[in-house]
Amino acid sequence: MASVYHSNVREARRDAGRAADVETDLIGRAVRLPGDTRRVELEWLAEQAARHQRIVEIGAYVGRSTLALAATPGVVVTVDDWYGPRDVKIAKEHRPKLW
């Protein structure tokens, strides 16, 4: 999974000539991923990310917010144990099938 996110970010940064283009392309890619984060929230994350050189995201799910955070010219590190939600009862044998 991590290589997919890295590839998406690298391609978007390479394809875009200006920072605004990178942000727009990453948001566009992000909204096509499954998840509950709304476009306006992704745009806000990208705006906040542009103010920082280093960002750490805890819990990535499938990377929707990660792509929005990647609008920064700095570094984004995402940490996830791929265990899934803690607030939902999921049988141990089904957890590996979540991702």
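Going by the structure above, here's the rest.
All values reported here derive from a predicted model rather than from experimental measurement.

Chemist: Before we move on, could you go through the pattern of salt bridges and cite the residues and values that matter?
Modeler: Per the stated rule, a full pass over the model turns up four salt bridges. Two residues, Arg39 and Glu43, come together in a salt bridge whose shortest N-O distance is 3.1 Å. Taken together, the residues span about one helical turn, with Arg39 and Glu43 both in helix α3 (residues 39-49) at a distance of four residues. With relative accessibility at 34%, the residue Glu43 sits in the partly exposed group.

Chemist: So, a nonpolar patch on the surface: which residues are in play, and what are the values?
Modeler: On the surface, Val56, Ile58, Val75, Val77 and Val79 cluster together into a nonpolar patch covering about 470 Å² of accessible area. At the level of elements, β1 (54-58) and β2 (75-79) are the ones that each hand at least two residues to the nonpolar patch. With three residues, β2 is the single largest residue contributor to the nonpolar patch. Relative to the helices and strands, Val56 resides in strand β1. Residue Val56 is classed as exposed on the basis of its relative accessible area, which comes to 58%.

Chemist: Explain the nonpolar core residue by residue, including any values.
Modeler: Core analysis: the largest hydrophobic core is formed by 13 residues, its most contacted members being Leu26, Ile27, Leu42, Ala68 and Leu69. Secondary-structure elements contributing two or more residues to this core are α2 (19-31), α3 and α4 (64-69). The leading source of residues in this core is α3, at four residues. Leaving out residues up to four positions away in the same chain, Leu42 has contacts with Ile27, Ala30, Val31, Thr37, Arg64, Ser65 and Ala68.

Chemist: Quick one: what's the story with α3, residue by residue and with numbers?
Modeler: Along α3, the positions that sit buried rather than exposed are Leu42, Leu45, Ala46, Gln48 and Ala49. Here the buried residues of α3 occupy an arc of 165 degrees about the axis, which is enough to place them on one side. Away from its buried face by more than 90 degrees, α3 exposes Val40 and Trp44.

Chemist: An account of the pairing of β2 is needed here, citing residue identities and associated values.
Modeler: Pairing geometry for β1 and β2, over five bridges, is parallel. Residue pairing for β2: Ile55 is matched across the bridge by Val76. Once you follow β1 into α4 and on to β2, the crossover reads as right-handed.

Basis of the calculations
- Residues numbered from 1 in each chain as written.
- Predicted model: local features only at pLDDT ≥ 70, side-chain atom pairs only at ≥ 80, totals over all residues.
- Heavy atoms only, no water.
- Salt bridge = Lys/Arg side-chain N within 4 Å of Asp/Glu carboxyl O.
- Helix = DSSP H or I, 4+ residues; strand = E, 2+ residues; numbered from the N terminus.
- Buried < 20%, exposed > 50% of the residue type's maximum accessible area, 1.4 Å probe, protein only.
- Patch = residues over 30% accessible without salt bridge, like charges linked within 9 Å, V, L, I, M, F, W, Y side chains within 5 Å.
- Areas by Shrake-Rupley, 256 points an atom, 1.4 Å probe, with all protein chains shown as cover.
- Core = buried A, V, L, I, M, F, W, Y, C linked by side-chain atoms within 4.5 Å.
- Contact = heavy atoms within 4.5 Å.
- Arc of directions from axis to C-beta.
- Pairing = 2+ DSSP bridges.
- Right-handed = clockwise from strand over helix to strand, strands pointing away.

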